[in-house]
Amino acid sequence: QKEVEQNSGPLSVPEGAIASLNCTYSDRGSQSFFWYRQYSGKSPELIMFIYSNGDKEDGRFTAQLNKASQYVSLLIRDSQPSDSATYLCAGNSGGSNYKLTFGKGTLLTVNP
Amino acid sequence: GAGVSQTPSNKVTEKGKYVELRCDPISGHTALYWYRQSLGQGPEFLIYFQGTGAADDSGLPNDRFFAVRPEGSVSTLKIQRTERGDSAVYLCASSLGLNNEQFFGPGTRLTVL
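Here the residue numbers are simple positions, counted from 1 along each chain's written sequence. In the order they appear in the text, chains get letters beginning with A and ligands get numbers beginning with 1. For a predicted model such as this one, the threshold for reporting local features is a pLDDT of at least 70, and the threshold for listing and counting side-chain atom pairs is 80 or more; totals across whole chains, interfaces and linings nevertheless cover every residue. Hydrogens are left out, water is left out, and the side-chain values use all remaining heavy atoms of the structure.

(A) Region of interest: the overall build of chain B. Secondary structure counts use DSSP, requiring at least four H or I residues in a row for a helix and at least two E residues in a row for a strand, with both numbered from the N terminus. Check the secondary structure of chain B and you find zero helices and 11 strands. Along chain B, from the amino end to the carboxyl end, the secondary structure elements read β-β-β-β-β-β-β-β-β-β-β. In terms of overall size, chain B behaves like a compact globule, its C-alpha atoms giving a radius of gyration of 13 Å where 113 residues would be expected to give roughly 13 Å. With the C-alpha coordinates of chain B rotated into their principal frame, the extents come out at 35 × 25 × 25 Å. When the 113 residues of chain B are sorted by exposure, 46% land in the buried category. Charge counting follows a simple rule: Lys and Arg are positive, Asp and Glu are negative, and His as well as the terminal groups are ignored. Each charge is placed at NZ for Lys, CZ for Arg, CG for Asp and CD for Glu. Chain B carries 11 positive and 11 negative side-chain charges, and their two centres are separated by 8 Å. Radius of gyration: over C-alpha atoms. The globule rule applied is 2.2 Å multiplied by the number of residues raised to the 0.38 power. Burial status follows relative accessibility: with a 1.4 Å probe on protein chains alone, a residue under 20% of its type maximum counts as buried, one over 50% as exposed, and anything between as partly exposed.

Written out as structure tokens, the structure is:
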């Protein structure tokens, strides 16, 4: 069973702090990784994707990928209360371009 | 523009009944996906369509589940002889093609009593 593991949290950070969300995966065939944000009762929306080892920055968000360690992370700088949501990590399963394997998600709460 | 739409938003049914869940993808998106999300879990892949054909149905849990996309646009997920364990949110997503971002619909919350 190919798995994506996340700490379910909850992770609580004060407003303005850096939130660090982590994810490990077992499928070495996975090439692409995605971070989705899901507000309570809503559908997932894509925040970032990363294919290459290293860091990828987009505004307040930085995704990090380390294929040797099979580790993906998402950093949120200057966290805002509106960032409070569940963050889902996903990898493409078995090297396919379409089948995503999701982790259980980490609940992030940003306190004003 | 319109996003992915799903109907109904909520469906309550009794054990043993048949249900159909509908997904209307973003116009022009050739790829369509069904996922199932149980409480406290991430979405679980069920099936993927490229055009009209089911390119990968390996995630369907058993033969009570079936999905169609006859004209390459709207898709229907069909569940026969529903069981309480089928209760979940069924999410549909679409993308422009392979290697493109998957946009999720609002989901259908299915409750089997």
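(B) Quick look at the sheet that holds strand β1 (residues 4-6) of chain A. All names here are of chain A. Judged by pairing direction, the sheet is antiparallel, and its five strands sit side by side in the order β1-β3-β8-β7-β6 without closing on themselves. Each edge of the sheet is formed by a strand with only one pairing partner; in this case those strands are β1 and β6 (54-58). Recorded for the sheet is a direction-independent mean angle of 20 degrees between the axes of neighbouring strands. In this sheet, strand β8 (residues 71-76) lies alongside strand β3 (residues 19-25) in antiparallel orientation, the contact comprising six bridges. The partner of S20 across the bridge, within β8, is L75. DSSP bridges decide pairing: two strands pair if at least two such bridges lie between them. To obtain each axis, a line is fitted to C-alpha atoms, and for helices this fit is confined to the stretch in contact; angles are then taken between N-to-C directions over 0 to 180 degrees.

(C) Seen up close, the interface of chain B and chain A. For this analysis, residues touch if any pair of their heavy atoms sits within 4.5 Å. At the interface, 19 residues of chain B touch 14 residues of chain A. By the criterion of area lost to chain A, the three top residues of chain B are P43(B), N99(B) and F104(B), representing 28% of everything that side buries. We define a salt bridge as a contact between a side-chain nitrogen of Lys or Arg and a carboxyl oxygen of Asp or Glu at a distance within 4 Å. Our count for the contact surface shared by chain B and chain A stands at one salt bridge. Where K99(A) meets D56(B), a salt bridge forms, and the shortest distance between an N and an O atom there is 3.3 Å. Two N or O atoms form a polar contact when they lie within 3.5 Å of each other; inside protein one atom must be a possible hydrogen donor and the other a possible acceptor, and for residues adjacent in sequence the pair counts only when both atoms belong to side chains. In this structure, the connection of chain B to chain A is made through seven residue pairs in polar contact (both at pLDDT 80 or more). Those elements giving two or more residues to the side of chain B that touches chain A turn out to be β4 (31-37) and β5 (44-50) of chain B. A per-element tally of the side of chain B that touches chain A places β4(B) first, with three residues. Residues that form the side of chain B that touches chain A fall into these classes: nine nonpolar, eight polar and two charged. Summed over both partners, the accessible area lost on bringing two parts together, with a 1.4 Å probe, is the buried area. Polar here means any residue outside two lists: the nonpolar Ala, Val, Leu, Ile, Met, Phe, Trp, Tyr, Cys and Pro, and the charged Asp, Glu, Lys and Arg; Gly therefore counts as polar.

In short, geometric facts, not functional conclusions.
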